[in-house]
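# Secondary and tertiary structure notes
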Amino acid sequence: MSSHPLPLSALDTSSFAYTTISKRLPEILAKIVDSCHRQITNLEKTHGKDGAADGVAVVSKISRLRSRVMTDKCLEEIEDSFVDVEDWKNSMCLQTKQLGDTPTWFTAPWLYVECYMYRYLYHCLIER
């Protein structure tokens, strides 16, 4: 019976995973927030006040996500109507079972949280 190493996570501060989750992901999210914020005026010109309000809401959601990453908060269950939402719910249950607690940005495996971040970004864009 072979023993597999534990998945990389940000718990090891000397690891690539720590650098990715603590530095790179927040930098990516900050660039996305900045880019989205710069588009709010265009959204208002093209789609009126409702378009601008949607832009502000997206910026707010992504800023909140960035804050949650940086402060190692629990991952939130994704609630939307996209086809893969049940897969993400099942995956979150599996991560919770494996970790013995709700996964956080630093405790869950690096690859899982990175994929989760991009899926959550999509959620921020499609949620109303």
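All of the points below concern the structure found in this document. Just so we're clear, the structure is a prediction, and the values are computed from it rather than from any experiment. (Residues numbered from 1 in each chain as written. Predicted model: local features only at pLDDT ≥ 70, side-chain atom pairs only at ≥ 80, totals over all residues. Heavy atoms only, no water.)

Turning to the overall build of the protein chain, a few remarks are in order. Across its full length, the protein chain holds four helices and zero strands. Each helix (α) and strand (β) of the protein chain, taken in turn from the N terminus, gives the series α-α-α-α. Taking the principal axes of its C-alpha atoms as reference, the protein chain extends roughly 60 × 30 × 20 Å. Counting every position in the protein chain, which comprises 128 residues, the buried fraction comes to 37%. Sequence-distant contacts, at least 24 apart, represent 67% of the contacts inside the protein chain between residues at least 6 apart. Accessible area for the protein chain stands at about 8000 Å²; split by element, carbon and sulfur atoms hold 58% of it. For the protein chain, the distance from the average site of its 15 positive side-chain charges to the average site of its 17 negative ones is 6 Å. (Helix = DSSP H or I, 4+ residues; strand = E, 2+ residues; numbered from the N terminus. Buried < 20%, exposed > 50% of the residue type's maximum accessible area, 1.4 Å probe, protein only. Contact = heavy atoms within 4.5 Å. Areas by Shrake-Rupley, 256 points an atom, 1.4 Å probe, with all protein chains shown as cover. Lys, Arg positive; Asp, Glu negative; His and termini not counted. Charge placed at Lys NZ, Arg CZ, Asp CG, Glu CD.)

On to the packing of aromatic side chains. As enumerated under the stated definition, the model contains eight aromatic pairs in all. Between Tyr18 and Phe106, the ring centres sit 5.8 Å apart and the planes meet at 85 degrees, which makes this aromatic pair edge-to-face. With Tyr18 in helix H1 (residues 16-38) and Phe106 in the loop between helix H3 (85-99) and helix H4 (110-126), this pair connects stretches of sequence that are 88 residues apart. Under the relative-accessibility criterion, Tyr18 is labelled partly exposed at 23%. A network of ring pairs unites the aromatic residues Trp88, Trp105, Tyr112, Tyr116 and Tyr120 as a single cluster. (Phe/Tyr/Trp six-rings, centres within 6.5 Å; stacked < 30°, edge-to-face > 60°.)

The next subject is helix H2 (residues 40-70). Because an α-helix packs 3.6 residues into every turn, residues spaced three or four apart end up facing the same way. Over its 31 residues, H2 runs only 25 Å from end to end, short of the ideal 45 Å by more than 12%, given 1.5 Å per residue. For H2, the principal kink sits at His47 and spans about 145 degrees. Those residues of H2 that fall on the buried side of the exposure criterion are Ile40, Gly51, Ala52, Gly55, Val58, Val59, Ile62, Leu65, Arg68 and Val69. The elements touched by buried residues of H2 are H1 and H4. Phi turns positive one or two residues past the end of H2, at Asp72, with a value near 55 degrees. (Expected span 1.5 Å × (residues − 1). Bend = angle between axes of the 7 residues up to and from the residue.)

To continue, consider unusual backbone geometry. Not every positive phi belongs to a glycine, and Asp72 is a case in point at roughly 55 degrees. Here Asp72 is to be found in the loop between H2 and H3.

Below, the discussion takes up the nonpolar core. Counting residues in each nonpolar core, the largest one holds 28 residues, and the members touching the most others are Ile21, Leu65, Leu75, Trp105, Tyr116 and Met117. Looking at this core, the elements that each hand over two or more residues are H1, H2, H3 and H4. Ignoring any residue separated from it by four or fewer positions in sequence, one finds Leu65 in contact with Leu29, Trp105, Met117, Tyr120 and Leu121. (Core = buried A, V, L, I, M, F, W, Y, C linked by side-chain atoms within 4.5 Å.)

Our next topic: the side chain of Glu114. With respect to the helices, strands and loops of the structure, Glu114 is situated in helix H4. The class for Glu114 is buried, based on a relative accessible area of 11%. Leaving out residues up to four positions away in the same chain, Glu114 has contacts with Thr20, Arg24 and Leu25.

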